[in-house]
There are 4 protein chains.
Amino acid sequence: MNGIMTALLTPFHDDGTLNEKGLREVVRHNIDEMQVNGLYVGGSTGESFLMDEGNRKDLLEIVKDEAGNDVTLIAQIGSLNIEEAVRLGNKAKELGYDALSAITPYYYKFSFQEIKAYYQRITEETEHPMIVYSIPALTGTQITIKDYGELLSLPNVIGVKYSDTNLSKLAKLKELYPDKVFFGGADDMLLQLIVSGADGAIGSTYSIIGKEANELFESLQKSDLENARNLQKQMNKVISILEEVGVYQSTKHVLKQLGVDAGYMKFPFREITEDEKKQVDKIVGILTLNK
Amino acid sequence: MNGIMTALLTPFHDDGTLNEKGLREVVRHNIDEMQVNGLYVGGSTGESFLMDEGNRKDLLEIVKDEAGNDVTLIAQIGSLNIEEAVRLGNKAKELGYDALSAITPYYYKFSFQEIKAYYQRITEETEHPMIVYSIPALTGTQITIKDYGELLSLPNVIGVKYSDTNLSKLAKLKELYPDKVFFGGADDMLLQLIVSGADGAIGSTYSIIGKEANELFESLQKSDLENARNLQKQMNKVISILEEVGVYQSTKHVLKQLGVDAGYMKFPFREITEDEKKQVDKIVGILTLNK
Amino acid sequence: MNGIMTALLTPFHDDGTLNEKGLREVVRHNIDEMQVNGLYVGGSTGESFLMDEGNRKDLLEIVKDEAGNDVTLIAQIGSLNIEEAVRLGNKAKELGYDALSAITPYYYKFSFQEIKAYYQRITEETEHPMIVYSIPALTGTQITIKDYGELLSLPNVIGVKYSDTNLSKLAKLKELYPDKVFFGGADDMLLQLIVSGADGAIGSTYSIIGKEANELFESLQKSDLENARNLQKQMNKVISILEEVGVYQSTKHVLKQLGVDAGYMKFPFREITEDEKKQVDKIVGILTLNK
Amino acid sequence: MNGIMTALLTPFHDDGTLNEKGLREVVRHNIDEMQVNGLYVGGSTGESFLMDEGNRKDLLEIVKDEAGNDVTLIAQIGSLNIEEAVRLGNKAKELGYDALSAITPYYYKFSFQEIKAYYQRITEETEHPMIVYSIPALTGTQITIKDYGELLSLPNVIGVKYSDTNLSKLAKLKELYPDKVFFGGADDMLLQLIVSGADGAIGSTYSIIGKEANELFESLQKSDLENARNLQKQMNKVISILEEVGVYQSTKHVLKQLGVDAGYMKFPFREITEDEKKQVDKIVGILTLNK
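Residues numbered from 1 in each chain as written. Chains lettered and ligands numbered in written order. Predicted model: local features only at pLDDT ≥ 70, side-chain atom pairs only at ≥ 80, totals over all residues. Heavy atoms only, no water.

Chemist: Explain the interface of chain B and chain A to me, please; I cannot follow it from the model alone.
Modeler: One widely used convention gives an interface's size as the accessible area the parts lose upon coming together. Counting from both sides, the interface comprises 37 residues of chain B and, opposite them, 37 residues of chain A. With both sides pooled, the region where chain B packs onto chain A buries about 3,000 Å², and carbon together with sulfur makes up 62% of that total. On the surface where chain B and chain A come into contact, there are two salt bridges. Taking the shortest distance from any N to any O, the salt bridge between Glu 83 of chain B and Lys 266 of chain A comes out at 2.8 Å. Elements with a minimum of two residues in the side of chain B that touches chain A: helix H3 (82-95), helix H4 (112-126), helix H5 (136-139) and helix H11 (247-257) of chain B. Per-element accounting of the side of chain B that touches chain A gives the leading share, four residues, to H4 of chain B. A class-by-class count of the residues in the side of chain B that touches chain A yields 20 nonpolar, seven polar and 10 charged. (Contact = heavy atoms within 4.5 Å. Buried area = accessible area lost by both parts, 1.4 Å probe. Salt bridge = Lys/Arg side-chain N within 4 Å of Asp/Glu carboxyl O. Helix = DSSP H or I, 4+ residues; strand = E, 2+ residues; numbered from the N terminus. Nonpolar A, V, L, I, M, F, W, Y, C, P; charged D, E, K, R; others polar.)

Below you can see the structure in the form of structure tokens.
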């Protein structure tokens, strides 16, 4: 399990319900056009923490149905409600997802022992490969190298989605646990993540710059630093614009411009304004140029 | 609406299901023994963010059934899933809760406009008094004085549960919006909160030191600063011990020692250890002494 | 040692040299008009961390010469250069300052043992009463209650200038160390600081609202909460305006409007703009009204 | 100006005075044994913020006298006292230092306009090449890309010592200002810094692992990623041990074990304990093995 995977956006209708047709289009676009190695379904990018359990199950079902066995599929099933997390985990396993992933429990400031118990329980009750999802900027939870070691020694825990910017820690983790998989999460530092030892990366923006990310990843396998740098520069021009406006909103807009129905945001996320659309449209130009 | 209210603990069975009998005991203890002015149901203390919607509804139902019209009842119905928040809000209204309260949406770093839209939608769809629940230490969201002004001008928004330690801001808010209610949330600073202009306070520890809190509140109405200070000191001796071990866990333990079945924690919260129980048992001694 | 003391502003000429005449006027204004209990000389407000040793000595000399024995005098002599701190401390002692104060060493993230060694060395080499100066918002250094205990047990350490907003901690410190003096540092929370157990307060704004602060302090001695609250409200109207523009700059401007030559800022602090002056001039109106 | 430079440690006698003999040994060791491209004198590593002006001048003099024209010499002359900064800058220029560097003014939360004025004044009054020294972890000051642009457009400002971990920002800065020099500052991420576009790096640990750093830098010039990664791993084994104990203290200890008199720390920095020495001695073993 490695390479470039897309953190999948979830298209909604404007009443907050799932846009199945759009979702299928986004899946196909990522597989066929972006040619990414896998899809990470139901994570932060997927707005899944705003969805109810029924919708999260539908999401998993539709994506699997559309993607089949074309690419690696990882289901983010973490929830503050442990029973929901386990039910979603078992659903994903049953559907044939290659692995589960669960966010570190957030909101309450859980101790590491509580966090560990959470992964222990999910993995025991699902018996399916698990990727720890660590995103300190959103959860406030930093895991030490020693504590990562404890999580990685739990049965079925196979790796980490490392959405953190501490690259020295990432390098050390990979050195200590070479058999585990580490996916980076900062699209604007894909180059540095891979150079630090990440096996791949999972990112929101790969829905639109997945091809560049793939090429960058391959360049580094061939030690072609110069090409990798140039690709990262191109990617970062796009990412800068996305970040100014809001990555989820603006990536959805770009997809629409490319003919992919990425749908609406889930409330209370706002929609992109007309002025912002004009700014984001520059990306379409850049992407067309890069072709 | 003012005075001392308890942020209600939720007793669970050890399998994570609601302990109805225990819940009724905790409600009665707070009303009959602690004689608090109200109950704040389904907040952080109530571990409601770990519960599913069905359980949250049951919780609201049982508490109302047990409390009747004895005290003010506020239902915390906030949720990252807006539809759930609205459904819980309508349920609470229908059950006869005096007011709703909703946490500022967390996890994603929502803009203030998004936060405002969230309150707007809940209040429009429930048409029931709303108390904004602001707890920056857990949500990471700080609201400016100007932005509080915008929220407080929404129809049906009647006040703020101000679980923050910035007392200068609280004083200013009360001065700017004298007709709105402001409840403090730091039990170890009840004295300072009330002196700063809070109309009352909502706290976890009032399940066991509600009587002292009531007396402190009344002392300040009579400008008896000395008695108020002494009471705060007594309260803080208890609160210090609670905080060392974990406020929710140890308050539940004290209640059990007092014959009130406060039940288990919801997973992944850990239970209190035997050693910690000994430490917390000192509180029972202090409380008996104070009688 | 208690009551209201002014954190003294330092008037400079526009070339960064000390404005002796202005300094004497500021001292006199504080003693004669504001009637504060003491002056805290050479602290953050005094811009002393931007000054060289020679200037800091001159500052101590001039203030003592002007103030004589009219009020309590505390010399802030802390410095990242330990030899300078000791020399300034001995100078202040020799000049007749009632006490020294030293900021917790900053910039480098010193361990508590290093911080303790710093106070130990200064107190041993000066043998004069010492007030620990703790201001986490500027130094980033938080001292635990236990560690405060260690500092307060050092010979000659008589108290703390507590420029922090954690009032529960302040209350606990005063309860644990009733014989030590604790001065609050948040002018907009003077009421809450005193209610929490502070023996007094040291603040920048008392150069212009020292009389109100004095009256507030006295009201609380008589348990007149209502008057104290009203005074804090009046004070906070002034403080809000000062904070919008910059407390040091705008307090200097107000003093000038009152006929006291508070001089220029030390580089790289900017001067107040013409537009800001207009805004700050409202304060002069408020102060005149209050008379 | 590029490549690997050492942030020079300053050896003190145990009474806090400069250890000239030791200083000359450290300089020679860095030039002759580590073969670094340059020395960065009087920075954080050099404990210069704890020294008085006289000592800082002596430091600059001795280093220049010992180093001659063997390597690039950069004098960190920043100070909260602007006059001192300018005097030190002129001294360094007169002594023949290749460039000056000044830390962003710290302690007070200066606005960017104040920070800019500080660099403007120093560069105008010294007329010598200036490298902005940005180290947010110690100063708390983050400079935006736009604001870096303003600083880099000041006459004589030639680059940035970028002691930050945001590599995406570094990459963007180098892309926007290709003619300016950017030195990274995180020794455990040298690889990632260079890959991100840094022209070189300035670090404390290069006093003992400067050769590995040089080789890593050269490997990357030749796109030999694998060798670079291996070197970073070796370096990080050393750096991990240094960080556990304290980088400055333990690097000084290692130097002593290598026969270089790196002297004592400046008060209030503590000295390394006997137990820690044993731990750090493992580094000497690693370094000898690497030879």
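Chemist: Any chance you could explain the sheet that holds strand S4 (residues 99-103) of chain B here in plain terms?
Modeler: Either a parallel or an antiparallel arrangement is found when strands of a sheet pair, and the pairing is made through backbone hydrogen bonds. Residue and element names in this part refer to chain B. Sheet architecture is closed into a barrel: eight strands sit in the order S1-S2-S3-S4-S5-S6-S7-S8, paired in parallel fashion. Recorded for the sheet is a direction-independent mean angle of 25 degrees between the axes of neighbouring strands. Across four bridges, S4 lies against strand S5 (residues 130-134) in parallel orientation. For Leu 100, the partnering residue across the bridge sits in S5 and is Met 130. (Pairing = 2+ DSSP bridges. Axes fitted to C-alpha atoms, helices over the stretch in contact; angles between N-to-C directions.)

Chemist: What am I meant to see in the pattern of salt bridges here?
Modeler: Side-chain pairs of opposite charge can arise whenever the charged atoms involved come near each other. Under the definition given, this model contains 85 salt bridges over all chains. A salt bridge links Glu 25 of chain A to Lys 21 of chain A, with the shortest nitrogen-to-oxygen separation between them at 2.9 Å. Of this pair, Glu 25 of chain A and Lys 21 of chain A both sit in helix H1 (residues 20-33), four residues apart, which is roughly one turn of the helix. On the basis of relative accessible area, Glu 25 of chain A is assigned to the partly exposed category, the value being 24%. Taking the relative accessible area as the measure of exposure, Lys 21 of chain A reaches 54% and is therefore exposed. Glu 66 of chain D is the salt-bridge partner of Arg 28 of chain D, the closest N and O atoms lying 3.2 Å from each other. (Buried < 20%, exposed > 50% of the residue type's maximum accessible area, 1.4 Å probe, protein only.)

Chemist: Just checking my understanding: could you explain the environment of His 253 of chain B for this structure?
Modeler: Residues and elements named next belong to chain B. As for its position among the elements, His 253 is in helix H11. On a C-alpha basis, the gap between His 253 and Phe 110 in space is 37 Å, while along the polypeptide they are 143 residues apart. For His 253, the residues in contact, after removing those within four places along its chain, are Ile 272, Lys 277, Val 280 and Asp 281.

Chemist: I tried to follow the relation of the copies chain C and chain B on my own but got confused; where do I start?
Modeler: Each copy of the chain is related to the other by a rotation around an axis and a translation along that axis. When chain C is brought onto chain B, the operation consists of a screw motion whose angular component is 180 degrees and whose axial shift is 0.1 Å, with 0.0 Å RMSD remaining. Seen this way, the second copy is the image of the first under a two-fold rotation axis. Across chain C, the smallest distance between a C-alpha and the rotation axis is recorded for Gln 192 of chain C, namely 2.8 Å. The share of interface residues of chain C whose copies in chain B are also at the interface is 95%, consistent with both copies meeting through the same surface. (Least-squares fit on C-alpha atoms with pLDDT ≥ 70 in both.)

Chemist: Teacher, can you tell me more about the pairing of strand S5 (residues 130-134) of chain A here?
Modeler: The side chains of a regular strand alternate, first on one face of the sheet and then on the other. Residue and element names in this part refer to chain A. With five of five residues buried, S5 is to be regarded as a mostly interior element. Side-chain alternation along S5 places Met 130, Val 132 and Ser 134 on one buried face and Ile 131 and Tyr 133 on a second face that is also buried. In this region the chain leaves strand S4 (residues 99-103), passes through helix H4 (residues 112-126) and returns to the parallel neighbour S5; the handedness of that crossover is right-handed. The pairing of S5 with strand S6 (residues 157-162) spans five bridges and is classified as parallel. Counterpart to Ser 134 in the pairing with S6 is Tyr 162. (Right-handed = clockwise from strand over helix to strand, strands pointing away.)

Chemist: Looking at this structure, I do not really get the pairing of strand S4 (residues 99-103) of chain C. What am I missing?
Modeler: All names here are of chain C. With five of five residues buried, S4 lies mostly within the body of the structure. Of the two faces of S4, both are covered, the one formed by Ala 99, Ser 101 and Ile 103 as well as the one formed by Leu 100 and Ala 102. Pairing between strand S3 (residues 72-76) and S4: three bridges, direction parallel. The residue of S4 that forms the bridge with Gln 76 is Ser 101. The handedness of the S3 to S4 crossover, carried by helix H3 (residues 82-95), is right-handed.

Chemist: Looking at this structure, how should I read the arrangement of the chains?
Modeler: A gap remains between chain A and chain C, which never touch, and the nearest two C-alpha atoms on either side lie 19 Å apart. At their nearest point, the C-alpha atoms of chain B and chain D are still 19 Å apart, with no contact between the two.

Chemist: Is there a simple way to think about the relation of the copies chain B and chain A in this case?
Modeler: Placing chain B over chain A gives an RMSD of 0.0 Å and needs a rotation angle of 180 degrees, together with 0.0 Å of translation along the axis. Here 100% of the interface residues in chain B have copies in chain A that are interface residues too; the copies meet face to matching face.

Chemist: Please clarify how the sheet that holds S3 of chain C should be interpreted in this entry.
Modeler: Residues and elements named next belong to chain C. Pairing is parallel in the closed barrel, where eight strands are placed in the order S1-S2-S3-S4-S5-S6-S7-S8. In this sheet, adjacent strand axes meet at a mean angle of 25 degrees when their direction is disregarded. Pairing between strand S1 (residues 3-7) and strand S8 (residues 200-203): four bridges, direction parallel. Opposite Gly 3, over in S8, you have Gly 200 as the bridge partner. Seen against the sheet, helix H6 (residues 145-152) touches strand S5 (130-134), strand S6 (157-162) and strand S7 (181-184) and runs at an angle of roughly 140 degrees to S6.

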